[in-house]
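Reading the structure
Spelled out from the first residue to the last, the chains are:
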Amino acid sequence: MCSDKCFFCQRVQQSCNSPSTSPDGSQEPCPIDMVKMTKSKTFQAYLPSCHRTYSCIHCRAHLANHDELISKSFQGSQGRAYLFNSVVNVGCGPAEERVLLTGLHAVADIYCENCKTTLGWKYEHAFESSQKYKEGKFIIELAHMIKDNGWE
């Protein structure tokens, strides 16, 4: 979380599982929906600028908030890769079964929505019980991302 307690961080502190109601009576959105959405800009979503983020190295579209990083100990097809809980500005191809270093998985390639570069994959299904924690998570290869915002 940022030191400025930005709107995004304030929302993360509230639970998505128990919906809250704003003063006007409408239901407030979950923090995952708090990214700035726009159709007039190049990217579909902008992550808060007060957070360390990862961006596409080819077009600089935001990809993930550092707070969503689960592990840096993964191997992609082109070298080291990071495992993320959630990503933005990413499209998903069809799922297919692949034998990876940790066994058989159903994965779908993911690509940057802006420049269409393949970034990594999404784990759709793990066939081994010890690998189930990966389901629904995303691998992005280091060769395709750059650090942005406050990485001094």
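See the structure printed just above.
Quick summary incoming for the structure in this document. (Residues numbered from 1 in each chain as written. Predicted model: local features only at pLDDT ≥ 70, side-chain atom pairs only at ≥ 80, totals over all residues. Heavy atoms only, no water.)

A word on the packing of aromatic side chains. Considering all chains together, one arrives at four aromatic pairs under this definition. Summarising the aromatic geometry, the rings of Tyr54 and Tyr82 are spaced 5.9 Å apart at their centres and angled 85° between planes, so their arrangement reads as edge-to-face. Taken together, the residues Tyr54 in strand β3 (residues 53-56) and Tyr82 in strand β6 (residues 79-84) connect sequence positions 28 residues apart. With respect to burial, Tyr54 and Tyr82 carry one shared label: buried. (Phe/Tyr/Trp six-rings, centres within 6.5 Å; stacked < 30°, edge-to-face > 60°. Helix = DSSP H or I, 4+ residues; strand = E, 2+ residues; numbered from the N terminus. Buried < 20%, exposed > 50% of the residue type's maximum accessible area, 1.4 Å probe, protein only.)

The subject of this paragraph is the nonpolar core. Judged by nonpolar contacts, the single largest core of 16 residues is most densely connected at Phe84, Leu119, Ile140 and Met145. Those elements that place two or more of their residues in this core are β3, β4 (62-65), β6, β8 (103-112) and β10 (138-141). Aside from chain neighbours lying at most four places away, what touches Leu119 is Cys56, Leu63, Val90, Ile110, Tyr111, Cys112, Ile139, Ile140, Glu141 and His144. Core analysis: the second largest hydrophobic core is formed by seven residues, Phe74, Ala81, Val107 and Trp121 among them. (Core = buried A, V, L, I, M, F, W, Y, C linked by side-chain atoms within 4.5 Å. Contact = heavy atoms within 4.5 Å.)

Okay, the pattern of salt bridges next. Summed over all chains, the structure comprises five salt bridges. When the shortest N-O distance is used, the salt bridge between Asp148 and Arg60 registers 2.5 Å. Remark: Arg60 occurs in the loop between β3 and β4 and Asp148 occurs in strand β11 (residues 145-148); sequence separation between them is 88 residues. Taking the relative accessible area as the measure of exposure, Asp148 reaches 10% and is therefore buried. Of the charged contacts, one joins Arg98 and Glu96 as a salt bridge, the two residues approaching to 2.8 Å between their closest N and O atoms. Residue classification places Glu96 among the partly exposed residues on the basis of a relative accessible area of 41%. What emerges from the salt-bridge pattern is a single network uniting Glu96, Arg98 and Asp109. (Salt bridge = Lys/Arg side-chain N within 4 Å of Asp/Glu carboxyl O.)

Here we take up the layout of surface pockets. Approximately 290 Å³ is the volume found for the largest pocket. Along the walls of the largest pocket sit 21 residues, with Gln75, Gly76, Ser77, Leu100 and Trp121 positioned nearest its centre. When contributions to the lining of the largest pocket are tallied by element, the ones reaching two or more residues are β5 (69-76), β7 (90-100) and β9 (118-126). By residue number, the principal contributor to the lining of the largest pocket is β9, which donates five residues. (1 Å grid on protein atoms, 1.4 Å probe; cavity = no way out; pocket = protein on both sides within 12 Å on 5 of 7 lines; lining within 4 Å. Points joined across faces, edges and corners; volume = space filled by probe spheres on them.)

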